[in-house]
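# Descriptive analysis of the structure
These are the residues of each chain, in order.
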Amino acid sequence: MKCKRCRRAEAAVDLPSHHAAFCPDCFFLFFRRQVTEGIRKLRLLAPEDRVLVCVSGGKDSLVLWDVLMDEGYETEGLYIDLGIDGYSDRSKEKVLAYAASRGKTPIVVELAKEGIPIPEAARCVRMQECSICGTVKRYFFNRVAAEGKFTVVATGHNLDDETARLLGNLLHWQRDHLARQHPLLPGAGGGLVRKVKPLWRVSEVETAAYGFLKGIDYVTEECPMSEDATSLVYKEALSRIEDRMPGTRIVFYKGFLDPSNPLRKGPEAAAPADAAPMPEDGPVVDAMRVTEVDSEEDVGTPRACASCGAPTYAETCSFCRLKERVRKARSLRAARGSR
Amino acid sequence: MYNAPMITVRLPQKKKEIEVRGPRRVMDLLAEAGVRSTTVIVTQGRKLLTKDYRVEDGATIDVISVVSGG
C-alpha cells in the first residue's frame, strides 16, 4: 500500500477512519496537524503558556510531551510515582530516559515519601485504587503547577479515552459529568489551574504508531490497578463499533462537543472538578468517573483548604481528608497489632 | 522430517505466541489471533506494518496492544 499523501513511499500506518494511509514522514505531519488543530480549534494553549505535562511513562503522555516540545511550547514534565511495586519503577525509568533524550529532567513526586502510596492507601480506606489515584493526582497537578508558576496542565487523554468516558456518562445519564466533559477545563483562580487534553482528536492506535515510529520507548504494560477499570468495557464496545464503522468515534465526540449540544455547557461555564469533595464512604467508585470526580457542590469560587491551603469547595480538600482517613486507618491497625 | 518455517505472531502483553502458515496478510493474522485491528499496532523489528501487508513464512511479528485503562 502506497502513502496516500506523497504517493511514493510505502505506507506504514493505515487509518480507515480517515480513509488514509501514510508513510512515516507523512504520518508525522498528519499527526502533528491533528494535535495542533485540536489545540487551535478549542483554544487549549497559547504560545506564551508554561505547560506542565503530566507524564506516566505510557505512550500518550510521552507522545504529548514530544509533540508539544516540537511545536515550541515551553514545557516541563511531571511524573507522579504511585508507589506500585515494580510497575512504578519501570514507568519512571521510561520517563527519565525519554526526558534525558530531550535534555530534560522531569519533576518527580513520590507518593511513598508523601505518605500516601496508592496501593496501601486504597487498602487502608477500602476504596478502589483508581479513585484514590485520581484524587491524589489532581492535588499534585494543581500544587506543582502553582508552585512552578505553570499556566496550564496538559494530560495525554486521547480520543479513545474521551469517547469511553462519554459513553459511560451517557449510559448512566451523568448530567453533571456530561456538562463538564471537555478537553478544556478552565482554571478558577486560587490555585486551580487550567487543564487541557491536546490529544482529544487522535486515537490510541495513532499515538502508539507515532510513539513507535519516533522511537519513543514507552511502558507497554498496563497499570496493574486498572485491570477491572470500567473504562476498558466502554473502550471494548467502542472498538467493536469502530472496527465495523470506521470514523464513528470522532463523529461521536465532535458531535458531543458541538456548542449547540444541550447536554453540555461551554467550557467557560464549567466549574473545575479538582476541588470536588471526595466521596467519604461506601464502595466507591466507578473508575470511569475518577478522573473528573464531580459534585453538586463544586460551584462558585474555591477557598483555601483549612489544612493545607489547596483550593477546595469544602472546609478541607479531598486530598487532606483522604490523608486523614489513611492516617486513622493506620493508627487503628497499629493499635490492633499491638494488642 | 523437515519443519518448514512458519510465521511467528507474538502478543507480548498476553504472554502468548502462535505460529501460522504463511504467506498471510496482517489482518488475517490478527483474526487468527483473535485481536481487533483498532486495538493494536503490528510491528516487525523497527517496521510498522499496515493491515494489508503480506507476511511471509519465517517472519516474526509483534502485536502490541494500545489500549490503556483507568
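### A short note on unusual backbone geometry
Cis geometry marks the peptide bond from G22(B) to P23(B); its omega dihedral reads -5 degrees. Examined against the element boundaries, P23(B) turns out to sit in the loop between β2 (16-20) and β3 (24-25). A positive phi angle is found at R7(A), which is not glycine, with a value near 60 degrees. As for its position among the elements, R7(A) is in the segment before β1 (13-15). The exposure class assigned to R7(A) is exposed, which follows from the 9 C-beta atoms found within 10 Å. Phi at R126(A) takes a positive value of approximately 50 degrees, unusual for a residue other than glycine. Considering the arrangement of structural elements, one finds R126(A) in the loop between α4 (118-125) and α5 (129-147). By C-beta crowding, R126(A) is classed as exposed, having 12 other C-beta atoms within 10 Å.

### A look at the sheet that holds strand β4 (residues 74-81) of chain A
All names here are of chain A. As summarised here, the arrangement of the six strands in space is β5-β4-β3-β6-β8-β7, forming an open sheet in which the pairing is mixed. In the strand order of this sheet, the two ends are held by β5 (107-110) and β7 (184-185), each with one partner. For strand β3 (residues 50-54) and strand β6 (residues 152-154), the ladder comprises three bridges, and the chain directions are parallel. Looking at the pairing, V53 lines up with A154 of β6. Together, β3, β4 and β6 form the strand contacts of helix α2 (residues 59-70), whose direction differs from that of β3 by roughly 160 degrees.

### Here we look at helix α6 (residues 159-171) of chain A
Helical geometry note: an α-helix holds 3.6 residues per turn, so side chains three or four residues apart project in the same direction. Residues and elements named next belong to chain A. A rise of 1.5 Å per residue sets the reference length of α6, with its 13 residues, at 18 Å; its end C-alpha atoms lie 18 Å apart and thus fit the reference within 8%. With 11 of 13 residues buried, α6 lies mostly within the body of the structure. Turning to α6, its buried residues are L159, D160, D161, E162, T163, A164, R165, L166, L167, G168 and N169. Tucked inside the fold, the buried residues of α6 contact α7 (175-180), α8 (204-214), α9 (230-244) and α10 (248-257). In the segment just after α6, W173 is the residue with positive phi, at about 45 degrees.

### Here we look at the nonpolar core
Residues and elements named next belong to chain A. Judged by nonpolar contacts, the single largest core of 100 residues is most densely connected at V53 and A209. It is α5 that contributes the most residues to this core, seven residues altogether. In this view, V53 contacts S61, L64, W65, L68, T75, G77, L78 and A154; residues no more than four positions away in its chain are not counted.

Reading guide: rules and limits
Residues numbered from 1 in each chain as written. Chains lettered and ligands numbered in written order. Predicted model: local features only at pLDDT ≥ 70, side-chain atom pairs only at ≥ 80, totals over all residues. Helix = DSSP H or I, 4+ residues; strand = E, 2+ residues; numbered from the N terminus. Buried ≥ 20, exposed ≤ 12 C-beta atoms within 10 Å, placed from the backbone. Pairing = 2+ DSSP bridges. Contact = placed C-beta atoms within 7 Å. Axes fitted to C-alpha atoms, helices over the stretch in contact; angles between N-to-C directions. Expected span 1.5 Å × (residues − 1). Core = buried A, V, L, I, M, F, W, Y, C linked by C-beta atoms within 7 Å.

The quantities given are spatial measurements derived from coordinates; they are silent on function.
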